[in-house]
Amino acid sequence: MKREGTAEPARAPDSSTTNTTEQSEKTRVIYAVYVISALDITWMFLQFSVTPYLAKKLGFDTLWFGYLQTTVGVIQLIGGPMFGRFGDLFGARAALSLACAATTVSFLLLAIADHPILLFVHKLPSVFMHVMPACQMVVTDLSEPERRADTLSKLGLCFGIGMIAGSTLGGHLSTHYGETFTACVGAAGSAFGLLLVLNFIPKSTKSEASRSSTKSKNQNQKVFSLGEITRLMKFPGVARIFLIKIIAGLPSGVFQVMFSIIAMDFFKLEAQQNGYLMAYFGIVQMVVQGGVIGRLTSRFPEKSLLLLSIGITAGVGLAQAYMQTVFQLCLTVTPWIFSLSVFNVITDCMLTKSVPSSDTGTMLGLCASVQSLVRTIGPTIGGFLYMNYGLSSIGLIEFFVNSVVLVYLLYQHLKTERLKE
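What counts and what doesn't
Residues numbered from 1 in each chain as written. Predicted model: local features only at pLDDT ≥ 70, side-chain atom pairs only at ≥ 80, totals over all residues. Heavy atoms only, no water. Patch = residues over 30% accessible without salt bridge, like charges linked within 9 Å, V, L, I, M, F, W, Y side chains within 5 Å. Areas by Shrake-Rupley, 256 points an atom, 1.4 Å probe, with all protein chains shown as cover. Salt bridge = Lys/Arg side-chain N within 4 Å of Asp/Glu carboxyl O. Helix = DSSP H or I, 4+ residues; strand = E, 2+ residues; numbered from the N terminus. Buried < 20%, exposed > 50% of the residue type's maximum accessible area, 1.4 Å probe, protein only. Contact = heavy atoms within 4.5 Å. Axes fitted to C-alpha atoms, helices over the stretch in contact; angles between N-to-C directions. Parallel < 35°, antiparallel > 145°, perpendicular 65-115°, else oblique. Left-handed = near helix turned anticlockwise from the far one by under 90°. Nonpolar A, V, L, I, M, F, W, Y, C, P; charged D, E, K, R; others polar.

A word on a nonpolar patch on the surface. A surface patch of nonpolar side chains, amounting to about 300 Å² of accessible area, comprises Phe192, Leu195 and Leu198. Within the secondary structure layout, phenylalanine 192 lies in helix α8 (residues 179-200). Here phenylalanine 192 falls in the partly exposed class, since its relative accessible area comes to 44%.

Below is the structure:
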């Protein structure tokens with residue numbers, strides 16, 4: 001029996017229990033990020049169902065609507081690196097809160113837009129509307145390097161869910177209740193996303209070592225700094241992968257931004273048929289990003305998957321140059337979505353692994369700017385090619401550019417293997 005008044009020795013905290021608690025907390029935050037991203041994509045596609053019809057009511061023709069889209073691309077092209085740097089400096093919660101608040105303001109401006117100028121004004125908050133890059137930053141910070149591609153691909157699954165839900169909800173609300181009510185629903189949904197951010201996202205998702213090593217350095221840094229971008233490009237392999245992301249991704253991006261015109265003009269699809277086709281694309285993307293990419297990244301190295309994605313894109317480009325029917329379009333789009341999804345996830349993953357963890361937000365902001373660049377120059381390039389040389393020209397350029405990049409990467413790979421020997 002124990003003597004009265006004799007205290008038991010204090011037990012040391014169980015490190016395994018602590019690690020399990022930390023891991024469960026990280027998992028909870030990642031799941032919250034998935035919900036926030038799915039909701040944001042839902043509101044984004046809901047907005048897509050409002051803006052074209054409202055622009056038409058306000059007297060916009062195709063040319064002016066193109067100017068509106070280009071304006072968004074330019075604004076987000078400027079805002080991407082700034083927003084990523086903001087996330088690195090001030091933390092995940094501040095970045096996501098800013099993005100959700102900007103989306104809310106944009107919807108409110110859209111709801112009161114009764115003049116063409118106001119339709120341009122409602123796009124100004126787009127400079128901060130980078131919810132998806134902010135979600136990618138959180139997932140990158142909280143995931144292990146070997147599982148990063150898998151966790152990033154799950155955001156693509158959220159994108160597919162949001163695409164289907166947003167397109168369906170937006171079409172229904174616009175038809176039965178009008179554009180103003182639909183925009184107000186988008187504003188309320190974005191505000192709800194802001195509440196989720198404030199309640200479930202920690203102030204910072206960077207590791208303690210990363211925060212302590214960069215705190216003094218970041219205090220004197222500007223949100224926008226060309227020097228910081230240049231510094232990141234000097235890390236081994238970053239500039240090369242980033243250029244590959246731009247060069248190989250541009251032709252696919254041109255086809256992507258031109259798709260609505262191609263579907264309407266070349267394949268003569270009605271709005272309802274186009275909606276069904278977009279739903280099909282969303283389902284394919286959900287399957288690829290949710291169930292395929294994670295398994296591939298766990299079995300094959302990233303460089304091999306990058307080669308695979310570029311090779312498939314080249315083959316798809318050749319097929320797109322000769323397709324004539326909607327059935328052929330569906331056949332080519334399935335491998336195209338697969339290759340595009342793998343390409344984007346793998347390049348983002350490789351770039352974030354190549355820079356310090358304190359700079360992943362800036363790097364993801366630069367990656368987002370690539371998409372904005374495509375949205376800025378894609379309509380001009382795609383429109384010129386389609387009007388002057390037909391649909392086949394877009395596919396042939398996609399085939400040629402990706403073939404050249406594939407040959408270059410294979411040559412570099414063989415050269416590296418030869419040097420090792």
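Mapped onto the elements, lysine 123 comes out in the loop between α5 (116-121) and α6 (131-142). Here lysine 123 falls in the buried class, since its relative accessible area comes to 7%. Expressed as a C-alpha distance, the spacing of lysine 123 and threonine 71, which sit 52 residues apart in the sequence, is 7.8 Å. Discounting residues that sit within four places of it in the chain, lysine 123 has contacts with Gln47, Thr51, Leu68, Val72 and Ile75.

Let us now look at the packing of helix α11 (residues 238-266) against helix α16 (residues 391-420). Packing of α11 against α16 leaves a shortest axis separation of 10 Å and a crossing angle of 165 degrees. Classified by the interaxial angle, the pair formed by α11 and α16 is roughly antiparallel. The handedness of the crossing between α11 and α16 comes out as left-handed. Residue-level contacts link Arg240, Ile244, Ile247, Ala248, Pro251, Ser252, Val254, Phe255, Ile262 and Phe266 of α11 to Leu391, Ile394, Ile397, Glu398, Val401, Asn402, Val405, Tyr408 and Leu409 of α16. For the contact of α11 with α16, the residue count by class is 15 nonpolar, two polar and two charged.

Secondary-structure assignment places alanine 95 in helix α4 (residues 92-111). Relative accessible area serves as the criterion here: at 1%, alanine 95 is assigned to the buried category. Once the C-alpha coordinates of alanine 95 and valine 197 are considered, the two residues, 102 residues apart in sequence, prove to be 9.7 Å apart.

Here the focus is the pattern of salt bridges. Evaluated as defined, the whole model comprises eight salt bridges. Lysine 57 is paired through a salt bridge with glutamate 179; the nearest N and O atoms lie 2.9 Å apart. Placement of the pair is lysine 57 in helix α2 (residues 51-57) and glutamate 179 in helix α8, with a sequence separation of 122 residues. Overall, the relative accessible area of 13% leaves glutamate 179 in the buried class. Salt-bridge contacts for glutamate 302 lead to lysine 353; the nearest nitrogen and oxygen are separated by 2.8 Å. Of this pair, glutamate 302 sits in helix α13 (residues 302-320) while lysine 353 sits in helix α14 (residues 326-354); the two residues are 51 residues apart in sequence, bridging distant segments of the chain. According to the relative accessible area criterion, lysine 353 is partly exposed, its value standing at 36%. A cluster of three or more residues bridged by salt bridges with shared partners is formed by Arg85, Arg231 and Asp359.

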